[in-house]
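What the coordinates show
Chain by chain, the residues:
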Amino acid sequence: MSTDSVPSIPVAAIRSHSVSILDDRAVAHGELRTLTYHSKALNAERRVYVWTPPGYTGTGEPLPVLYFYHGFGDSGLSAIDQGRIPQIMDNLLAEGKIKPMLVVVPDTETDIPDAVAENFPPQERRKTFYPLNAKAADKELMNDIIPLIDARFNVRKDADGRALAGLSQGGYQALVSGMNHLESFGWLATFSGVTTTTVPDAGVEAQLHNPQAINKQLRNFTVVVGEKDVVTGKDIAGLKAELEKQKINFDYHEYPGLNHEMDVWRPAYAEFVQKLFK
C-alpha cells in the first residue's frame, strides 16, 4: 500500500471560515457550464455539469479531465453546491496546489425503466438497483459523456489525462467504470463508496485479480472512508482487505470520528485533486 503524497487537510481547516477553501474568495474564478445532451446509451435527454478553469478559451495545451460522480439520492448540483467543487477548485488553483483541469459531474442515477431507485425498497437496492444502474451509467460514460467532452472541449484523450472518482453510490460507479475500462483512466478514487463486497460486479472482481495491470495503469488509486461510517464502512473494509491481499497499490485515508458525510468527502476531494496529473 502506498502512502499519500499530499498532506492531509484537517477537517477543522476545511470548516474554519478564516482558512476555508470552501469559501468564494477574491481569486480568479472558473466557469460552471451545463450541457444538455441526448444519451444514445439511455435513449434519454441528460445533463452534465462542467467546471472549466479561469481563463479557459479552448486554445493552447489540451487539459486533463476529472469525472466525478455524486452519491445516492442526490444530483450533480449536490456535488456543486454541497460539495463546493467550484470553490475548492478555484482556491486550490489560486494557491498553485493543483493543475488546471476540467471537472465533469454527470448524473449518477440513470432512471432507466428497470433501475429507478424509488421502485426498490432500501433493503433490495444493493441486490437489484445498484448493478442495473451501474451498467447503464457505465455505458453512458463511455459511449456518450466522454465522447461529448472530447468533442466540445480541448482536452487530453490519453488515460493519464483522465481521472475518475465518486462518493458513496458514485464511488461504486467509479469503481465499476474504472476497473471495467482500466485502459481509459490513469487515476481512480472512491470516497466512502459501495464496493463489490456488497454489490458484486464480475468485471471489477476479475480485474482485482490482475494486480500487475492495475499497478501499471493507475498513477494513483485513493480509498477514503469515515471511521464511523455505518453505510459503506463494510464495503470499504472489504475493498481495502482485497487490495492488500492482491498487493495492489493504493492510498488509504480514514477520517477519525466521522460517518457517511460531507465532512469526509470535501477534504477527501481536495486531497485527491492535488495528486492529479502531476
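Let me sum up the structure you'll find in this document.

Scoring rules and cut-offs
- Residues numbered from 1 in each chain as written.
- Predicted model: local features only at pLDDT ≥ 70, side-chain atom pairs only at ≥ 80, totals over all residues.
- Heavy atoms only, no water.
- Helix = DSSP H or I, 4+ residues; strand = E, 2+ residues; numbered from the N terminus.
- Rg over C-alpha atoms; globule rule 2.2 N^0.38 Å.
- Buried < 20%, exposed > 50% of the residue type's maximum accessible area, 1.4 Å probe, protein only.
- Areas by Shrake-Rupley, 256 points an atom, 1.4 Å probe, with all protein chains shown as cover.
- Lys, Arg positive; Asp, Glu negative; His and termini not counted.
- Charge placed at Lys NZ, Arg CZ, Asp CG, Glu CD.
- Core = buried A, V, L, I, M, F, W, Y, C linked by side-chain atoms within 4.5 Å.
- Contact = heavy atoms within 4.5 Å.
- Pairing = 2+ DSSP bridges.
- Axes fitted to C-alpha atoms, helices over the stretch in contact; angles between N-to-C directions.

Brief notes about the overall build of the chain
- Along the chain, the regular secondary structure elements total nine helices and eight strands.
- The globule rule puts the C-alpha radius of gyration for 278 residues at 19 Å, and the 17 Å found for the chain is close to it.
- With the C-alpha coordinates of the chain rotated into their principal frame, the extents come out at 45 × 45 × 35 Å.
- Classification of the 278 residues of the chain by burial places 56% in the buried group.
- Summed over all atoms, the accessible surface of the chain reaches about 11,700 Å², with 50% contributed by carbon and sulfur.
- Distance between charge centroids for the chain: 3 Å, based on 28 positive and 35 negative side chains.

A word on the nonpolar core
- Ranked by internal contacts, the top residues of the largest apolar core, which has 51 residues, are Tyr-67, Leu-141, Ile-149 and Phe-221.
- Of the residues forming this core, the biggest block, 10 residues, is contributed by helix α4 (residues 122–152).
- Each residue touching Ile-149, except ones within four places of it in the same chain, is listed here: Leu-35, Val-50, Val-65, Tyr-67, Val-104 and Val-155.
- Leu-66, Val-103, Val-105 and Val-273 belong to the second largest nonpolar core, which has 35 residues in total.

Some details on unusual backbone geometry
- Residue Arg-84 is not a glycine yet carries a positive backbone phi of 60°.
- With respect to the helices and strands, the residue Arg-84 is situated in the loop between α2 (76–81) and α3 (85–94).
- For Ser-192, which is not glycine, the phi torsion reads 55° and is therefore positive.
- Take Ser-192: it is sitting in the loop between β6 (187–191) and α6 (202–208).
- The class of Ser-192 is buried, set by a relative accessible area of 0%.

Let's talk about the pairing of strand β4 (residues 102–105)
- On β4, burial covers both faces: Leu-102 and Val-104 on one face and Val-103 and Val-105 on the other are all buried.
- Bridge count for strand β2 (residues 44–52) against β4 is three bridges, and the pairing is antiparallel. Paired with Val-50 across the bridge in β4 is Val-104.
- Alignment of strand β3 (residues 65–69) against β4, held across three bridges, turns out to be parallel. When the bridges of β4 are listed, Leu-66 appears paired with Val-103.

Re the sheet that holds strand β7 (residues 220–226)
- Spatially, eight strands are ordered β1-β2-β4-β3-β5-β6-β7-β8 in an open sheet, and the strand pairing comes out mixed. Since the sheet does not close on itself, it has two edges, and those belong to β1 (31–39) and β8 (251–255), each with one partner. Geometrically, the sheet is characterised by an average inter-axis angle of 15° between neighbouring strands, direction not taken into account.
- Pairing of β7 with β8 involves five bridges; the strand directions are parallel. Note that in β8 the partner of Gly-226 across the bridge is Tyr-255.
- Contacts between α4 and the sheet are confined to β1, β2, β3, β4 and β5 (162–167), with β1 contributing the most and set at about 125° to the helix.
- Sheet contacts for helix α8 (residues 233–246): β6, β7 and β8; angle to β7, the most-contacted strand, approximately 145°.

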